[in-house]
Amino acid sequence: MPTTRQVTLASRPQTVVVPENFAMQEAVTPDLGEGDVLVRHIYMSVDPYMRGLMGGGVAYAAGFEIGQPLFGRVIGEVAQSRNADYREGDFVYGMLDWADWSVAKGGESLRKVDSARAPLSYYLGTLGFPGLTAYVGMMLIGEPKPGETVFVSAASGAVGQVAGQLARIAGARVVGSAGSDEKVRFITGECGFHDGFNYRITPSVLEALRLHCSDGIDVDFENVGGETLDAVLAHANPFARIAVCGMISQYNLAEPYHLKHVNEVVSKRLNMRGFVVRDHAHLIEQFIDETAGHIADGTMAVAEDMMFGLENSPAAFIGMLAGENFGKRVIKVGDDPNWN
Ligand SMILES: NC(=O)c1ccc[n+]([C@@H]2O[C@H](COP(=O)([O-])OP(=O)(O)OC[C@H]3O[C@@H](n4cnc5c(N)ncnc54)[C@H](OP(=O)(O)O)[C@@H]3O)[C@@H](O)[C@H]2O)c1
């Protein structure tokens, strides 16, 4: 069996994640039991929820164990199989270790992906759980109508770019915020948002919303929390829907931001609903079928931010949390036979 490198959790971050929180080790992949599959990893995803799994700070209950490999979404190729459902050469998606190789149980833990339909890495972004997250929050909770104003924060990111484009396809007027002028040009250009602003150079997010969403906000797709959510509450129209997807501005803080406009939820009868994508995992194949068509016919743009090498995965993760990524950040850790 092959020797593999694995990225492990060396320590829990206190607030901001630092390189010293990670370590690299070597291990021999175990022999395959009945039903097992040996996977050669090709692409790995780094996602904001992993900050919570690391523990420390204001993060949620820890999920990663000290001294053990981190794990997340991986696309790989089956190298050996003792499972009748998977053959050598199949491309698969699974929750696997941050590693070059791993042994997966078949069944629910793996899913085949079709390299003929889209680049393999897209199954970690627009055609993966970030895309499905956007679909659930925007279409099942936000329910944008033609003529309504929709606001999306972290709008150029993995989830945000899809959320905004779904609202645009539904006929709404879409406004996004992002952390650089280049990101704003991407959402208002290729993604077809109607307007956008760079929140990093805006003295006040509330003033920016008054300027760019002059008819108020009917649907908010909330990725950021903190001051951004507070401004949305202040500027939302009565009966607005707020799909609370995430609060990335809060994940590294020792002390969370305190909302000043939370009373508006009552006075404006806002419908504010949080959600977690894994509750909707059964929709993934249907979502891929619909969205692959949007990508193929040019209705939906995709921005992907690729880094290379397993050894760079801690830096890729730390950089994503800080907003270095332009689009869905993935790490290419192995050879992709379809790469061109
Ligand atoms: N509910 C669910 O099931 C679910 C599933 C997936 C993701 N999420 C949430 O969705 C959000 C986006 O995740 P993603 O995977 O699409 O990541 P992403 O947007 O591709 O990457 C994270 C982005 O967050 C932005 N950001 C970081 N710190 C910020 C701050 N202090 N203020 C404003 N923006 C900040 C940065 O973009 P800028 O340059 O624009 O600042 C960064 O590029 C996160 O909150 C995540 O937790 C929720």
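Residues numbered from 1 in each chain as written. Predicted model: local features only at pLDDT ≥ 70, side-chain atom pairs only at ≥ 80, totals over all residues. Heavy atoms only, no water.

1. Here's the deal with the overall build of the chain
Worth spelling out the cut-off: Strands here mean DSSP runs of E at least two residues long; helices mean DSSP runs of H or I at least four residues long; both are numbered from the N terminus. Here the radius of gyration uses the C-alpha set of atoms, whereas the globule reference equals 2.2 Å times the residue count to the power 0.38. The buried label applies to any residue whose accessible area, calculated with a 1.4 Å probe on protein chains only, is under 20% of its type's maximum; exposed applies above 50%, and partly exposed to all values in between. It only takes one pair of heavy atoms within 4.5 Å for two residues to be counted as in contact. The method behind every accessible area is Shrake-Rupley, applied with a 1.4 Å probe, and residues are considered shielded solely by the protein chains displayed.
Across its full length, the chain carries 9 helices and 15 strands. Relative to the 2.2 N^0.38 estimate, which gives 20 Å for 340 residues, the radius of gyration of the chain is 20 Å and therefore close to what a compact globule would have. Going through the 340 residues of the chain one by one, you find that 55% of them count as buried. The long-range fraction of contacts in the chain, counting pairs at least 24 apart against all pairs at least 6 apart in sequence, stands at 68%. When the accessible surface of the chain is split by element, carbon and sulfur atoms take 52% of a total near 14400 Å².

2. Re the domain arrangement of the chain
Selection criterion: What fixes the domain bounds is an automatic or database domain assignment. For this analysis, a salt bridge means a side-chain nitrogen from Lys or Arg found within 4 Å of a carboxyl oxygen belonging to Asp or Glu. Counted as a polar contact is a pair of N or O atoms within 3.5 Å, where, for protein atoms, one must be capable of donating a hydrogen and the other of accepting one, and residues adjacent in sequence contribute only when both atoms are in side chains. Residue polarity follows a fixed list, in which Ala, Val, Leu, Ile, Met, Phe, Trp, Tyr, Cys and Pro are nonpolar, Asp, Glu, Lys and Arg are charged, and the others, Gly among them, are polar.
On domain assignment, one finds that the chain holds domain 1 (3-125 + 303-332) and domain 2 (129-278). With centres defined by C-alpha atoms, the gap from domain 1 to domain 2 works out at 28 Å. Facing the 22 residues of domain 1 at the interface are 19 residues of domain 2. Joining domain 1 to domain 2, the criterion identifies 0 salt bridges. Summed over the shared surface of domain 1 and domain 2, the result is 6 residue pairs in polar contact (both at pLDDT 80 or more). Residues that form the side of domain 1 that touches domain 2 fall into these classes: 11 nonpolar, 6 polar and 5 charged.

3. A word on the side chain of D230
Mapped onto the elements of the fold, D230 is located in helix α6 (residues 226-235). Residues contacting D230, with those up to four places away along its chain left out, are Y257, H258, L259, K260 and H261.

4. Details of the layout of surface pockets
A probe matching the size of a water molecule, rolled over the atoms, marks out where space remains unfilled. Here is the rule: Here the term cavity refers to a set of points on a 1 Å grid, laid over the protein atoms alone, in which a 1.4 Å probe fits but cannot get out; the term pocket refers to an open set having protein on both sides within 12 Å along at least five of seven lines, with lining residues being those that place an atom within 4 Å of a point. Grid points are joined across faces, edges and corners, and a volume is the space filled by probe spheres set on the points.
Of the pockets and cavities examined, the second largest pocket occupies roughly 160 Å³. What lines the second largest pocket is a set of 12 residues, among which Y43, P119, D336, N338 and W339 lie closest to the centre. In the lining of the second largest pocket, the residues fall into 6 nonpolar, 4 polar and 2 charged.

5. Things to note about the nonpolar core
Definition in use: What we call a nonpolar core is a set of buried Ala, Val, Leu, Ile, Met, Phe, Trp, Tyr and Cys residues that are connected through their side-chain atoms within 4.5 Å.
Counting 47 residues, the largest nonpolar core has I75, L132, M138 and V152 as its most contacted members. It is helix α2 (residues 129-142) that provides the largest number of residues to this core, a total of 7 residues. If you count residues domain by domain, this core takes at least three from each of domain 1 (3-125 + 303-332) and domain 2 (129-278). Ignoring sequence-local partners within four residues, the contact set of L132 consists of V277, H280, A281, L283, I284 and F287. Formed by 27 residues, the second largest nonpolar core is a distinct cluster that contains V7, F64, L96 and M320.

6. Observations regarding the environment of G298
By the secondary structure assignment, G298 is in the loop between α8 (284-296) and β14 (304-308). For G298, a relative accessible area of 59% corresponds to the exposed category. For the pair G298 and E190, spaced 108 residues apart in sequence, the C-alpha to C-alpha distance is 9.7 Å.

7. Structural notes on the site of the ligand
Just so we agree on the cut-off: We call a residue near a molecule or strand as soon as one heavy atom of that residue lies within 4 Å of the molecule or strand.
The full set close to the ligand counts 25 residues, and K183, Y199, Y251, V277 and N325 are the nearest of them. One of the backbone N or O atoms of A158 is found 2.9 Å from an oxygen atom in the ligand. Coverage of the ligand by the protein amounts to 90% of the 900 Å² it exposes when considered alone. When contributions to the shell around the ligand are tallied by element, the ones reaching two or more residues are α3 (158-169) and α9 (313-321). Grouping the constituent residues of the shell around the ligand by class yields 15 nonpolar, 8 polar and 2 charged. Composition of the shell around the ligand by domain shows at least three residues from each of domain 1 (3-125 + 303-332) and domain 2 (129-278).

8. Quick word on the packing of α2 against α3
For clarity, the cut-off: Angular values range over 0 to 180 degrees, each being the angle between N-to-C directions of two axes fitted as lines to C-alpha atoms, with helices fitted over their stretch in contact. Any angle that is under 35 degrees is reported as roughly parallel, and any over 145 degrees as roughly antiparallel; angles of 65 to 115 degrees are reported as roughly perpendicular and all others as oblique. The crossing is said to be left-handed when, going from far helix to near helix, the turn is anticlockwise and less than a right angle, and right-handed when the turn is clockwise.
Remark: α2 packs on α3, axes separated minimally by 8 Å, with the N-to-C direction vectors making an angle of 45 degrees. Between α2 and α3, the angle is such that the two are oblique. As α2 packs across α3, the resulting crossing turns out to be right-handed. Facing P130, G131, T133, A134, Y135, M138 and M139 of α2, the residues of α3 in contact are A158, V159, V162, A163, L166 and A167. Split into classes, the residues belonging to the contact of α2 with α3 amount to 11 nonpolar, 2 polar and no charged.

9. A look at the sheet that holds strand β13 (residues 271-274)
Put simply, the rule reads: One bridge is not enough; two strands pair if DSSP finds at least two bridges between them.
Pairing in this open sheet of 6 strands is parallel, and the strands run β10-β9-β8-β11-β12-β13 from one edge to the other. Looking at strand neighbours, the two that pair on one side only are β10 (195-198) and β13, the edges of this open sheet. Pairs of neighbouring strands in the sheet enclose a mean axial angle of 15 degrees, with direction left out of account. Pairing analysis gives 4 bridges linking strand β9 (residues 173-178) to β10, with the strands arranged parallel.

10. Thoughts on the pattern of salt bridges
In total, this model carries 16 salt bridges according to the counting rule given. Two residues, E77 and R40, come together in a salt bridge whose shortest N-O distance is 2.6 Å. In this pair, E77 sits in strand β4 (residues 71-81) while R40 sits in strand β3 (residues 36-45), placing the two residues 37 residues apart along the sequence. Here E77 matches R40 in class, with each residue buried. Of the charged contacts, one joins R117 and D289 as a salt bridge, the two residues approaching to 2.7 Å between their closest N and O atoms. Of the two residues, R117 is situated in the loop between β7 (110-112) and α2 and D289 in helix α8; the sequence distance between them amounts to 172 residues. Assessed through its relative accessible area of 36%, R117 is described here as partly exposed. The network of salt bridges with common partners includes R5, D100 and E311.

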